[in-house]
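Chain by chain, the residues:
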Amino acid sequence: MESRIKGRVFAVLLGGGTGSRLGADIPKQLLPLGGRPVFAWSLLAFSQCSVVDEIIVVSHPDILGDIASIINQSSVDKPTRLVEGGDTRQQSVYNALISGHFEKDDILLFHDMARPFVDSRIIEECAKASAGNGAAGTYMPITDTPAIVKEGRVISAPPRDSLFCAQTPQGFRFKLIKEAHKAANSEGKAYTDDITMVIASGVRPAVVKGSPVNFKITTLTDYRLAQITAEELCNG
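Let me begin by describing the structure that accompanies this report.

Of the positions making up helix α3 (residues 89–97), those classed as buried are Gln-90, Ser-92, Val-93, Ala-96 and Leu-97. The buried residues of α3 occupy an angular sector of 160° when the element is viewed end-on, so they sit on one face. Those residues of α3 that are buried lie in contact with β1 (9–15), β4 (54–59), β5 (80–84), β6 (107–112), α5 (174–187) and α6 (194–200).

Right, here's the structure in full:
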């Protein structure tokens, strides 16, 4: 569902981790990619998107200075502020939620810094779907046959036509996501992402079609694929 956006739209770029699974000497957000750091790709994508009003960058405290330098050196034409990340993704998101004043109908789009190739179509559709439905997530249908495995044995092979892989951004009206986080914190519940959290509160998020290039850099293979993708995009 799409809708006119009543409130402001905030892009919340999340990079609270250190990227240890990549095995690099520096956090993956800072790795070079097509002539600029990984983080700069998503920063510029949201900065150049017309529906975005402001950018909030949530970063690991050890690299806040590096992230600030990247922002200053980039052509960012939107108000941008830095927020210190927490020990978990959930804590980092909550830090963003309490980082300033938001109206109940403001839209917050949470995006992984390690997904450098998000495009304006996804950003705009996610913002509009979030405004109309309260919550929306970006998804891609899986292409391989899935299996449920327990103790080294295949238990079942569910049909893949109803199974999707989650991407970001994930978008929410501020009032909805703030209340979901307050409930999770008071109950001591931990969630790996915000869509799962709002589903637990009874919300059924809208689905926005993702993109094959909107992948997350997690492993060295992902980074090498990102280098190829960046080269293709830079060369037109």
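Moving on from the model shown.
We now examine the sheet that holds β6. Paired through their backbone hydrogen bonds, the strands of a sheet run either parallel or antiparallel. An order of β5-β4-β1-β6-β10-β7-β11 is seen for the 7 strands of this open sheet, with the pairing classed as mixed. The sheet is open, and its two borders are formed by β5 and β11 (206–209), each paired with just one other strand. Between one strand and the next, the sheet's axes are offset by a mean angle of 25°, whatever the strand orientation. Two elements, β1 and β6, share 6 bridges in a ladder whose sense is parallel. Among the inter-strand pairings, Ala-11 is bridged to a residue of β6, identified as Leu-109. Along the sheet, α3 contacts β1, β4, β5, β6 and β10 (164–173); its crossing angle with β6, the most-contacted strand, is approximately 145°. In the packing of helix α4 (residues 120–133) onto the sheet, the strands contacted are β1, β6, β7 (135–141), β10 and β11, and the crossing angle to β10 comes to about 55°.

Right, let's get into the packing of α3 against α5. Their axes nearest at 11 Å, the elements α3 and α5 cross at an angle of 130°. It follows from the interaxial angle that α3 and α5 lie oblique. Regarding α3 and α5, the two cross each other, and that crossing is left-handed. Where α3 approaches α5, its residues Gln-90, Val-93, Tyr-94 and Leu-97 are matched on the opposing element by Phe-174, Ile-177, Lys-178, His-181, Ala-184 and Asn-185. Of the residues contributing to the contact of α3 with α5, the split by class is 6 nonpolar, 3 polar and 1 charged.

As a further point, take the packing of helix α1 (residues 38–47) against helix α2 (residues 64–73). Here α1 crosses α2 at 50°, and the two axes come no closer than 10 Å. Between α1 and α2, the interaxial angle falls into the category oblique. Handedness of the crossing formed by α1 with α2: right-handed. Side by side, α1 and α2 meet where Phe-39, Ala-40 and Leu-43 of the first sit next to Ile-67, Ile-70 and Ile-71 of the second. In terms of residue class, the contact of α1 with α2 is built from 6 nonpolar, no polar and no charged.

Considering all chains together, one arrives at 5 aromatic pairs under this definition. Each ring, one from Phe-10 and one from Phe-102, has its centre 4.8 Å from the other, and the planes form 75°; the classification is edge-to-face. Of this pair, Phe-10 sits in strand β1 while Phe-102 sits in the loop between α3 and β6, and the two are 92 residues apart along the sequence. Phe-102 shares its class with Phe-10; the two are buried.

Conventions used here
Residues numbered from 1 in each chain as written. Predicted model: local features only at pLDDT ≥ 70, side-chain atom pairs only at ≥ 80, totals over all residues. Heavy atoms only, no water. Buried < 20%, exposed > 50% of the residue type's maximum accessible area, 1.4 Å probe, protein only. Helix = DSSP H or I, 4+ residues; strand = E, 2+ residues; numbered from the N terminus. Arc of directions from axis to C-beta. Contact = heavy atoms within 4.5 Å. Pairing = 2+ DSSP bridges. Axes fitted to C-alpha atoms, helices over the stretch in contact; angles between N-to-C directions. Parallel < 35°, antiparallel > 145°, perpendicular 65-115°, else oblique. Left-handed = near helix turned anticlockwise from the far one by under 90°. Nonpolar A, V, L, I, M, F, W, Y, C, P; charged D, E, K, R; others polar. Phe/Tyr/Trp six-rings, centres within 6.5 Å; stacked < 30°, edge-to-face > 60°.

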